[in-house]
Amino acid sequence: AQSVTQPDIHITVSEGASLELRCNYSYGATPYLFWYVQSPGQGLQLLLKYFSGDTLVQGIKGFEAEFKRSQSSFNLRKPSVHWSDAAEYFCAVVVYGQNFVFGPGTRLSVLP
Amino acid sequence: SQTIHQWPATLVQPVGSPLSLECTVEGTSNPNLYWYRQAAGRGLQLLFYSVGIGQISSEVPQNLSASRPQDRQFILSSKKLLLSDSGFYLCAWSVGGLGGYTFGSGTRLTVV
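A. Geometry of the pattern of salt bridges. Residue and element names in this part refer to chain B. Under the counting rule described, the total for this entry stands at 6 salt bridges over all chains. In this structure, D85 and R37 form a salt bridge, with 3.8 Å as the shortest nitrogen-oxygen distance. Residue D85 is found in the loop between β8 (73-78) and β9 (87-94), and its partner R37 is found in strand β4 (residues 32-38); the two are separated by 48 residues along the sequence.

Right under this line is the structure:
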């Protein structure tokens, strides 16, 4: 069955530290991949997306993600986390003709 | 530019009362429209989606219904709310679906 997993429910990092949020998918076809961020009480905002081409994609707010087909992964990274990055992060996958499938989310806490 | 409006932002309703949440999209034609729900501590659950006026697909059997009376209007309703209907409801739109979803700011519904 098609699925998206985010193995980490909650991650805590110190401000200025690097960050990597994991996302794995299970799809028969090549999917399109997305990362969204949700601040408390807000809607979701698109951070970045991957369709094809260069497997390292740059997004807003200094985030990047790398698509690794061999690992079925699309991990989100940021070299230096800011306190304002504290939020919930969702990985999402879609294939042609189907609706988005969202991962369960990873909540990021940032220590001062 | 495209925008999505969702209201109200918060709502407290007694058990057994009706519900109507509205979502409108501006700046695009014939969008795909979606209603999602986030229960506390859970990910995103797709409730309904619509690819055109009067066309509604339900993903999860439940106490809710959706309607699309106009191209850019999507309404989530219930005749009698249950306690389990509490959650954060998000409307989203896309054109084609593969380019990503744009989310509204959400409605926090508390059923008491």
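B. Representation of the state of the cysteines. Residue and element names in this part refer to chain A. Following the criterion strictly, the structure yields 2 disulfides over all chains and no others. Here C23 engages in a disulfide with C91; their sulfurs sit 1.9 Å apart. The sign of the -65° torsion about the S-S bond sets the C23-C91 disulfide as left-handed. Residue C23 is located in the loop between β3 (19-21) and β4 (24-26), and its partner C91 is located in strand β10 (residues 87-94); the two are separated by 68 residues in the primary sequence. For the pair C23 and C91, one class covers both residues: buried.

C. Molecular detail of the interface of chain A and chain B. Listed as interface residues are 18 residues of chain A and, on the opposing side, 18 residues of chain B. Both faces combined, the contact of chain A with chain B buries some 1400 Å², and carbon together with sulfur accounts for 61% of it. Taken together, the links from chain A to chain B amount to 0 salt bridges. When residues of the side of chain A that touches chain B are assigned to their parent elements, the largest contribution, 4 residues, is made by strand β5 (residues 32-38) of chain A. Partitioning the side of chain A that touches chain B into residue classes produces 12 nonpolar, 5 polar and 1 charged.

D. Quick peek at unusual backbone geometry. Following W7 of chain B, the chain continues into P8 of chain B via a peptide bond in cis, with omega recorded as 0°. Here P8 of chain B is to be found in the loop between β1 (3-7) and β2 (10-13). Positive phi outside glycine occurs at K61 of chain A, with the angle close to 60°. With respect to the secondary-structure elements, K61 of chain A resides in the loop between β7 (56-58) and β8 (64-68). Look at N30 of chain B: it is not a glycine, yet its phi comes out positive at around 50°. Take N30 of chain B: its relative accessible area is 47%, and that puts it in the partly exposed class.

Cut-offs used in this document
In this convention, every chain numbers its residues from 1, walking through the sequence in written order. Here every chain gets a letter starting at A, and every ligand a number starting at 1, in the order they are written. In keeping with the model being predicted, local features are shown solely for residues with a pLDDT of at least 70 and side-chain atom pairs are shown and tallied solely at 80 or more, while totals for entire chains, interfaces and linings include all residues. To get the side-chain values, all heavy atoms of the structure are used, and hydrogens and water are removed first. When a carboxyl oxygen of Asp or Glu is within 4 Å of a side-chain nitrogen of Lys or Arg, the pair counts as a salt bridge. For helices the rule is a DSSP run of H or I covering at least 4 residues; for strands it is a run of E covering at least 2, with both sets numbered from the N terminus onward. When the sulfur atoms of two cysteines come within 2.5 Å, that pair is taken as a disulfide. Burial classification: accessible surface area is computed with a 1.4 Å probe over protein chains only, and a residue below 20% of its type maximum counts as buried, one above 50% as exposed, and the rest as partly exposed. Any two residues whose heavy atoms approach within 4.5 Å at even a single point are treated as in contact. The term buried area denotes the loss of accessible surface (1.4 Å probe radius) that occurs when two parts are joined, taken as the sum for both partners. Note on residue categories: nonpolar means Ala, Val, Leu, Ile, Met, Phe, Trp, Tyr, Cys or Pro, charged means Asp, Glu, Lys or Arg, and polar means any other residue, Gly included.

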